[in-house]
Amino acid sequence: MDWHTWHDTYDRADSPLVRRLATVQDRIRDALDDAPRGPVTVLSVCAGQGHDLIGALDGHLRRDDVRARLVELEERNVEAARHAARAAGLPGIEVVAGDASCTDHYRDLAPADLVLLCGVLGNLTDADVERVLDHCTRLCRTGGTVVWTRNRKAPDLVPQVCAWLEERGFERLWVSEPERVQAVGAHRYGGVPGELPAGQRMFTFVGYDVLRRASKG
């Protein structure tokens, strides 16, 4: 899968991903509105070209409060995100080229006010989905929000994603309606974050195309 050209899908007005992006941006704006006064820390895992956060900050009153770290492996996406952040006048956004599964990229900013898992969960095995959600109890501060996405293609894992989060002390704020294939959710953490360990891999990024072929094989 070419994860750079994959983003061309956002240029198609009829793409379900465009609707998903708009919904994600709405949930980000809600989280920013609810964040305490002062700096707002954001962590984005497998950030792609940063469309979600950068777009959500356009015209938002808290845009200058945001200190964000976007972690992305594909270097062309990294450059696109950096260019978009500069063009939007968002010096608080740092885009890191690296393996987004590695805890070392997040330790100095965690626990954060907002954690973005957008376009990630559908590319992982179910076991790794649960594992990265477990790490959210260390990535997210008390009262912070996780905004996540997951497709609902069979077998639909969205109910289980909600259950895993809620078992770990997250409160469901919003989940898109079941008929939408590209699901979006937002959960607020009510627990006390643990320390994010150094040098751990939170997941292995497999890719939805590989997972789909394996399920058919």
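Conventions and cut-offs
- Residues numbered from 1 in each chain as written.
- Predicted model: local features only at pLDDT ≥ 70, side-chain atom pairs only at ≥ 80, totals over all residues.
- Heavy atoms only, no water.
- Helix = DSSP H or I, 4+ residues; strand = E, 2+ residues; numbered from the N terminus.
- Rg over C-alpha atoms; globule rule 2.2 N^0.38 Å.
- Buried < 20%, exposed > 50% of the residue type's maximum accessible area, 1.4 Å probe, protein only.
- Polar contact = N/O pair within 3.5 Å; in protein donor to acceptor, adjacent residues only side chain to side chain.
- Contact = heavy atoms within 4.5 Å.
- Core = buried A, V, L, I, M, F, W, Y, C linked by side-chain atoms within 4.5 Å.
- Phe/Tyr/Trp six-rings, centres within 6.5 Å; stacked < 30°, edge-to-face > 60°.
- 1 Å grid on protein atoms, 1.4 Å probe; cavity = no way out; pocket = protein on both sides within 12 Å on 5 of 7 lines; lining within 4 Å.
- Points joined across faces, edges and corners; volume = space filled by probe spheres on them.
- Nonpolar A, V, L, I, M, F, W, Y, C, P; charged D, E, K, R; others polar.

Explain the overall build of the chain here, please?
Across its full length, the chain holds six helices and seven strands. Reading the secondary structure of the chain in the N-to-C direction produces α-β-α-β-α-β-β-α-β-α-β-β-α. Radius of gyration (C-alpha) of the chain: 16 Å, near the 17 Å computed for a compact globule of 217 residues. In terms of overall dimensions, the chain has a C-alpha envelope of 50 × 40 × 35 Å along the principal axes. In the chain, which comprises 217 residues, the share counted as buried stands at 51%.

In this structure, what is going on with the side chain of Asn 77? I would like to understand it.
Looking at the secondary structure, you find Asn 77 in helix α3 (residues 75-87). A polar contact of 3.3 Å, which involves the side chain of Asn 77, links it to the side chain of His 4. Apart from the residues lying within four places of it in its own chain, the contact partners of Asn 77 are Trp 3, His 4, His 7, Gly 48, Gln 49 and Glu 72.

Looking at this structure, I do not really get the nonpolar core. What am I missing?
A general trend in soluble globular proteins is that nonpolar side chains are found buried together. Counting 34 residues, the largest nonpolar core has Tyr 106, Leu 117, Leu 121, Leu 133, Trp 148 and Phe 203 as the members making the most contacts within it. Of all elements in the fold, only β1 (40-45), β4 (112-117), α4 (126-139), β5 (140-151), α5 (158-167) and β7 (182-189) reach the threshold of two or more residues within this core. In this structure, Leu 117 is in contact with Val 45, Val 132, Leu 133, Cys 136, Val 146, Val 147, Trp 148 and Thr 149, ignoring residues within four places of it in sequence. Membership of the second largest hydrophobic core comes to 27 residues, among which are Ile 28, Val 42, Leu 53 and Ala 186.

What should I look at first to understand the environment of Trp 174 in this one?
Mapping Trp 174 onto the fold places it in strand β6 (residues 170-175). Looking at Trp 174, the relative accessible area reads 28%, which means it is partly exposed. Residues Trp 174 and His 187, 13 residues apart in the sequence, show an inter-C-alpha distance of 7.1 Å. Non-local contacts of Trp 174, meaning those with residues more than four positions away in its chain, are made with Thr 23, Arg 27, Val 184, Gly 185 and Ala 186.

What is the right way to read the packing of aromatic side chains from this model?
One pass over the full model with this rule turns up three aromatic pairs. Ring geometry for Trp 3 versus Tyr 208: centroids 5.9 Å apart, planes at 75°, classification edge-to-face. Note that Trp 3 is positioned in the segment before α1 (16-34) and Tyr 208 in helix α6 (residues 208-216), a separation of 205 residues in sequence. Exposure remark for Tyr 208: the relative accessible area of 25% places this residue in the partly exposed category. Each ring, one from Phe 170 and one from Tyr 189, has its centre 4.6 Å from the other, and the planes form 35°; the classification is tilted. Here the residue Phe 170 occupies a position in strand β6, and Tyr 189 occupies one in strand β7, the gap between them amounting to 19 residues. For the pair shown, Phe 170 and Tyr 189 are each scored as buried. Through successive ring pairs, a cluster of aromatic residues spans Trp 3, Phe 205 and Tyr 208.

Looking at this structure, how should I read the layout of surface pockets?
Remark: the empty space left among the atoms is shown by a probe the size of a water molecule rolled over them. In this model, the largest pocket occupies a volume close to 840 Å³. Considering the residues around the largest pocket, the lining is formed by 43 residues, among which Trp 3, Trp 6, Arg 20, Gly 119 and Asn 123 are closest to the centre. Elements with a contribution of two residues or more to the lining of the largest pocket: α1, α2 (51-57), β5 and α6. When residues of the lining of the largest pocket are assigned to their parent elements, the largest contribution, five residues, is made by α1. A breakdown of the residues in the lining of the largest pocket according to their chemical character gives 17 nonpolar, 16 polar and ten charged. Looking at the second largest pocket, its volume works out to about 380 Å³.

Is there a simple way to explain unusual backbone geometry in this structure?
Peptide bonds are, in most cases, trans, and in most cases residues other than glycine have a negative phi. The omega torsion of the bond from Ala 110 to Pro 111 falls at 0°, within 30 degrees of zero and hence cis. With respect to the helices, strands and loops of the structure, Pro 111 is situated in the loop between β3 (93-97) and β4. A positive phi is found at Cys 46, a non-glycine position, where the angle reads about 55°. Here Cys 46 shows up in the loop between β1 and α2. Residue Cys 46 is classed as buried on the basis of its relative accessible area of 16%.

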